[in-house]
Amino acid sequence: MTKRLTEVAKKAGVSEATVSRVLNGRDGVSEATRTAVLTALDVLGYERPTKLRGERARLVGLVLPELQNPIFPALAEVVTGTLAQRGYTPALCARTIGGVSEMDYVEMLLDHQVSGVIFAGGSYALADARHDHYRRLTDRGLPVVLVNAGVDELGFPRVSTDDAVAVEQAYGHLRSLGHERIGMVLGPEGHVPSRRKLDAMVQAAGWDEGDAECVERSSFSMEGARVAATKLVERGVTGIICASDVLALGTIRAARRLGRSVPADVSVVGFDDSAFMTCTDPPLTTVRQPIETMGQAAVDLLVTQIEGAGVLQDELLFEPELVVRGSTAPAPRR
């Protein structure tokens, strides 16, 4: 007990006596100090006293699929900073292979009486995945915001990059360089953002069923992208649009292993404009997601719900920006 008091007091920046007064429900403590102590208790993983468990902490969960892809740490930086400015304490939950699942994180966050949850890159974006844990949040009336395209029936507010505009920009760029044989490396079949990108490509390029050989699916890994892109390059595709920067880097690796040069033989366009894409060889042409604006909007939507003001269920779409670098060039002459 003494150790717990010391840790909580240090985390909250108050005395151990103040922590004791809060935990025992005594008077003489300001609301701000009381909130700080309870939040510190939650962050450190200690259970609240039974009489205090009915009150939610000013604690907000941010659930990410990984931290290896630079786009997720970038989003985390924006969201956690914005939450802190609004007086909330972020709880970062990043899934790992063989580690804690998204479903497990949801249970942990519910146990800690969080005020709300922001999800990015979760199973909500996979049409054939299990969504039971999201419905638990709905049943609890917990405010939730999804970043980038979830399945419609969940009914949560969403903040997304406009996938149609992203594909139009990438496709238009490759066409302006003279590429006629353009393909795509996308995420899994049920991945909603990838599905949107494919729909946009069908519209932009006028594809029909015979053009299915210009599309390959992959997990969001460089290894998966290498396998998928190899098939496209072997079919004579000279321009490839990818659903993420990681997939684009795997595509460049595939082209080189086949003895092709990027961009002289194959042009590659990524999606995200995550960190270090200016440092790759060649620097990656990509479609930039407005991560800072989207992260701030996600927090605004969540806090609006937490404060009981209600929120529109419409999806907020943010326009991306094509960033041209060295991985695209005029189509090779035949």
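Refer to the structure presented above.
Below is a short write-up of the structure. (Residues numbered from 1 in each chain as written. Predicted model: local features only at pLDDT ≥ 70, side-chain atom pairs only at ≥ 80, totals over all residues. Heavy atoms only, no water.)

**Notes on the packing of aromatic side chains**
So, point 1. Enumeration according to the criterion identifies two aromatic pairs in this entry.
So, point 2. On the numbers, 5.2 Å between centres and 80 degrees between planes, the contact of Phe 119 with Tyr 134 is edge-to-face. One end of the pair, Phe 119, is in strand β3 (residues 116–120); the other, Tyr 134, is in helix α6 (residues 132–140), with 15 residues separating them in the sequence. Residues Phe 119 and Tyr 134 agree in their burial class; the two are buried.
So, point 3. With centroids separated by 6.1 Å and ring planes inclined at 75 degrees, the aromatic side chains of Tyr 124 and Tyr 134 adopt a geometry described as edge-to-face. Taken together, the positions of Tyr 124 in the loop between β3 and α6 and Tyr 134 in helix α6 put the pair 10 residues apart, joining distant regions of the chain.
So, point 4. Ring pairing ties together the aromatic residues Phe 119, Tyr 124 and Tyr 134, which thus form one cluster.
So, point 5. Its end group placed over the ring of Tyr 88, Arg 58 keeps NZ or CZ at 4.1 Å from the ring centre.
So, point 6. Over the ring of Phe 271 we find Lys 197, and its NZ or CZ is 3.9 Å from the ring centre. (Phe/Tyr/Trp six-rings, centres within 6.5 Å; stacked < 30°, edge-to-face > 60°. Helix = DSSP H or I, 4+ residues; strand = E, 2+ residues; numbered from the N terminus. Buried < 20%, exposed > 50% of the residue type's maximum accessible area, 1.4 Å probe, protein only. Lys NZ or Arg CZ within 6 Å of the ring centre and 35° of its normal.)

**Description of the sheet that holds strand β6 (residues 182–186)**
So, point 1. Sheet architecture is open: six strands sit in the order β7-β6-β8-β9-β10-β12, paired in mixed fashion. Because the sheet does not close on itself, it has two edges, and the strands there are β7 (215–217) and β12 (321–323). Ignoring which end each strand starts from, the neighbouring axes of this sheet average 20 degrees apart.
So, point 2. Bridge count between strand β8 (residues 239–242) and strand β9 (residues 267–272): three bridges; the pairing is parallel. Residue pairing in the sheet places Gly 239 in a bridge with Ser 267 of β9.
So, point 3. Along the sheet face, helix α8 (residues 192–205) touches β6, β7, β8 and β9 and points at about 170 degrees away from the line of β6. (Pairing = 2+ DSSP bridges. Axes fitted to C-alpha atoms, helices over the stretch in contact; angles between N-to-C directions. Contact = heavy atoms within 4.5 Å.)

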